[in-house]
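Structure assessment
The chain contents come next:
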Amino acid sequence: TLMAALAAHEYLRIAGIRDLRRQAMAIVVTMGLCAAIAWPLAITPAALLLVGLAWVAAEVLFGGSSLQDAAASLVAPLYTGVPLGMLAAVHGAYGWRATLLLITTVIVSDSSQYYAGRTFGRHPLAPSISPKKTIEGAVGGLICGTAFMVIAGRVVLPETSVAGLMLLGAAVVVLGICGDLFESRLKRAAGVKDSSALIPGHGGILDRIDSLIFVAPLFFHYVRFFHVSS
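Residues numbered from 1 in each chain as written. Predicted model: local features only at pLDDT ≥ 70, side-chain atom pairs only at ≥ 80, totals over all residues. Heavy atoms only, no water.

1. Some points on the packing of aromatic side chains
Two measures describe an aromatic ring pair: the distance that separates the ring centres and the angle between the ring planes. For the structure shown, the criterion picks out four aromatic pairs. Between Tyr 114 and Tyr 115, the aromatic rings sit 5.0 Å apart at their centres with planes inclined by 80°, giving edge-to-face as the arrangement. (Phe/Tyr/Trp six-rings, centres within 6.5 Å; stacked < 30°, edge-to-face > 60°.)

2. Quick notes on the pattern of salt bridges
Summed over the entire model, instances satisfying the criterion amount to four salt bridges. Each of Glu 183, Lys 187 and Asp 207 takes part in one network of salt bridges that share partners. (Salt bridge = Lys/Arg side-chain N within 4 Å of Asp/Glu carboxyl O.)

3. Comments concerning the side chain of Ser 130
Tracing the chain through its elements places Ser 130 in strand β2 (residues 130-134). Ser 130 sits in the buried class, given a relative accessible area of 13%. When sequence neighbours within four positions are dropped, the list of residues in contact with Ser 130 reads Leu 181 and Ser 184. (Helix = DSSP H or I, 4+ residues; strand = E, 2+ residues; numbered from the N terminus. Buried < 20%, exposed > 50% of the residue type's maximum accessible area, 1.4 Å probe, protein only. Contact = heavy atoms within 4.5 Å.)

4. Focus: a nonpolar patch on the surface
Side chains of Leu 2, Met 3, Leu 6 and Leu 198 sit close together on the surface and give an oily, nonpolar patch of about 370 Å² of accessible area. When you line up the elements, Leu 198 lands in the loop between α7 (162-190) and α8 (205-226). (Patch = residues over 30% accessible without salt bridge, like charges linked within 9 Å, V, L, I, M, F, W, Y side chains within 5 Å. Areas by Shrake-Rupley, 256 points an atom, 1.4 Å probe, with all protein chains shown as cover.)

5. Comments concerning empty space enclosed by the protein
Per the stated rule, a full pass over the model turns up one cavity of 30 Å³ or more. Considering only enclosed or pocket space, the largest cavity measures out at about 40 Å³ in volume. Surrounding the largest cavity, Thr 105, Val 106, Ser 109, Asp 110, Val 172, Val 173, Gly 176 and Ser 211 form its lining. Mapped by element, the contributors of at least two residues to the lining of the largest cavity are α5 (96-120) and α7. For the lining of the largest cavity, the element with the most residues is α5, which contributes four residues. Of the residues that constitute the lining of the largest cavity, the class distribution is three nonpolar, four polar and one charged. (1 Å grid on protein atoms, 1.4 Å probe; cavity = no way out; pocket = protein on both sides within 12 Å on 5 of 7 lines; lining within 4 Å. Points joined across faces, edges and corners; volume = space filled by probe spheres on them. Nonpolar A, V, L, I, M, F, W, Y, C, P; charged D, E, K, R; others polar.)

So yeah, pure geometry; function would need other evidence.
This is how it looks when you write it as structure tokens:
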């Protein structure tokens, strides 16, 4: 929940939400939604989302906020609270091996994209969003990330066939790339290089978990379906 709060704060700054009251409300809803997903609390995620929608309506009708600003605030809990809550739920219900498998696959994919892009990169993947990313780098990440998921997944997810692990690995890599590009688009629109200066030399929390944010919901539902044991 702390990581979700920090990531939500960075997102709100990038989105141009400067009002402290609105920031505080968005962060509170983010933390509550994250906790409700991670642990069986009395309040449900649906109830928290209803609170968020009611808050947006009140901001527009009575607070003088534009619909765009109110909607941007509501994105914070969905963008940061939900994925990190699901990641915590995976760790709590299915053990550290399942969590480590997901995180390491993302790391392998990101690293492979970087080195393959530097070595073989010729064709931009999304030049208007992230000029340094290349198609060749994405292919390298897809191959290495999928291969790692197949090899390590045979130990962590023994119920899954090789074909199933290949599909899961490919989906993780593709969604990770989408998550990276999504955050890059947010930063480019805001005219900033990093989401914050919280981690010297590495940017902010969002810069470190942008790929994981898009991947966690897929993996959460996957392991729930296959009932992975810790």
